[in-house]
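Fold and geometry: a report
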Amino acid sequence: MDNQPINIAIMVSGHGRGSNMQAIIDACGEGRITGRVAVVIGVKDDAPAMERARSQGIATAEIRPKAFDSDEAYGAAILDVLTEHQVDLICLAGYMRILPASICSTYKHRVMNIHPALIPLFCGKGMYGEHVHQAAVDYGVKVSGCTVHFVDEQYDTGPIILQRTVPVEEGDTAETLAARVLVQEHIAYPQAVQLFAQGRLKVEGRVVHILPADM
Ligand code: GRF
């Protein structure tokens, strides 16, 4: 098995606090991911996640979608940064947009996202942040969780890599449920990235098979 460390790009939003980013950075530092975070790409240079990355000596790149007159041009600018840093895997961590089509095709099955619910529940357009957990509480589900999945050109529809569950408890609010799910996100995302780094994710149709570890 090829044990070359992978180069990871993390993409964050304008308000991204960066806790999943940090979980991935920590896992790289502790050897739980065979790889390194080569660059953090954000839509706003002063996003908390971008500042957090820089304070740890990680390169950041601000690429503002609004600065481009087409999705193609925005995608090309992202691709330039990915190429410069020889990126193997892109991890969306609070990135709130649909990725440009050129990134989805060039990086097919090499872009992951984490969603704070058990897809296909409470996902899709408009289902982000507190809305997700409020919807789960309002529906009355007894279990929620998080999903790491490959990214395609729609919201939250790509093949599922890992899911972790939490109970929804009596008296839960969106906030208390979000906090319980977030703990699991920080476990699931690094695990999924390491499975990728080990070459253990095989996609067939919309099913992701997890291959056994090398003996
Ligand atoms: C997480 O809840 C993640 O599931 C969702 O966006 C949030 C990002 O949080 N996609 P953070 O910036 O990683 O703390």
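Below or above, wherever it landed, is the structure these notes cover.

What counts as what
- Residues numbered from 1 in each chain as written.
- Predicted model: local features only at pLDDT ≥ 70, side-chain atom pairs only at ≥ 80, totals over all residues.
- Heavy atoms only, no water.
- Helix = DSSP H or I, 4+ residues; strand = E, 2+ residues; numbered from the N terminus.
- Rg over C-alpha atoms; globule rule 2.2 N^0.38 Å.
- Buried < 20%, exposed > 50% of the residue type's maximum accessible area, 1.4 Å probe, protein only.
- Contact = heavy atoms within 4.5 Å.
- Near = heavy atom within 4 Å.
- Polar contact = N/O pair within 3.5 Å; in protein donor to acceptor, adjacent residues only side chain to side chain.
- Areas by Shrake-Rupley, 256 points an atom, 1.4 Å probe, with all protein chains shown as cover.
- 1 Å grid on protein atoms, 1.4 Å probe; cavity = no way out; pocket = protein on both sides within 12 Å on 5 of 7 lines; lining within 4 Å.
- Sits in = over half its atoms within 2 Å of the grid points.
- Points joined across faces, edges and corners; volume = space filled by probe spheres on them.
- Nonpolar A, V, L, I, M, F, W, Y, C, P; charged D, E, K, R; others polar.
- Core = buried A, V, L, I, M, F, W, Y, C linked by side-chain atoms within 4.5 Å.

**Structural notes on the overall build of the protein**
The secondary structure content of the protein amounts to 6 helices and 9 strands. Here the C-alpha atoms of the protein give a radius of gyration of 17 Å, agreeing with the 17 Å that 2.2 N^0.38 yields for 215 residues. Across the 215 residues that make up the protein, the buried fraction comes to 49%. Long-range contacts, defined here as pairs at least 24 residues apart, represent 64% of the contacts in the protein between residues at least 6 apart.

**With respect to the site of the ligand**
Every residue near the ligand is listed here: Arg17, Gly18, Ser19, Asn20, Gly94, Ile114, His115, Pro116 and Glu185. The contact in question runs from an oxygen atom of the ligand to an N or O atom on the backbone of Gly18, over 2.8 Å. Interatomic distance of 2.8 Å between a backbone N/O atom of Ile114 and a nitrogen atom of the ligand. Alone, the ligand offers 360 Å² of accessible surface; in the complex the protein occludes 86% of this. With respect to the detected pockets, the ligand is housed in the largest pocket.

**Here's the deal with the layout of surface pockets**
By volume, the largest pocket amounts to about 960 Å³. Lining the largest pocket are 41 residues, and of these Gly94, Met96, Pro116, Tyr128 and Gly129 sit closest to its centre. Elements with a contribution of two residues or more to the lining of the largest pocket: helix H1 (19-29), strand S5 (111-115), helix H5 (130-139) and helix H6 (174-197). Counted by class, the lining of the largest pocket contains 17 nonpolar, 15 polar and 9 charged residues. Together, Ser13, Gly14, His15, Val43, Lys44, Arg64, Pro65, Lys66, Met96 and Arg97 line the second largest pocket. Split by residue class, the lining of the second largest pocket holds 3 nonpolar, 3 polar and 4 charged.

**Points about the nonpolar core**
Counting 46 residues, the largest nonpolar core has Ile10, Ile24, Met112 and Val193 as the members making the most contacts within it. With 9 residues, H6 is the single largest residue contributor to this core. Val193 has contacts with Ile6, Ile8, Ile24, Ile33, Leu89, Cys91 and Met112, leaving out every residue within four places of it along the chain. Residues Val43, Ile90, Leu92 and Tyr95 belong to the second largest nonpolar core, which totals 22 residues.

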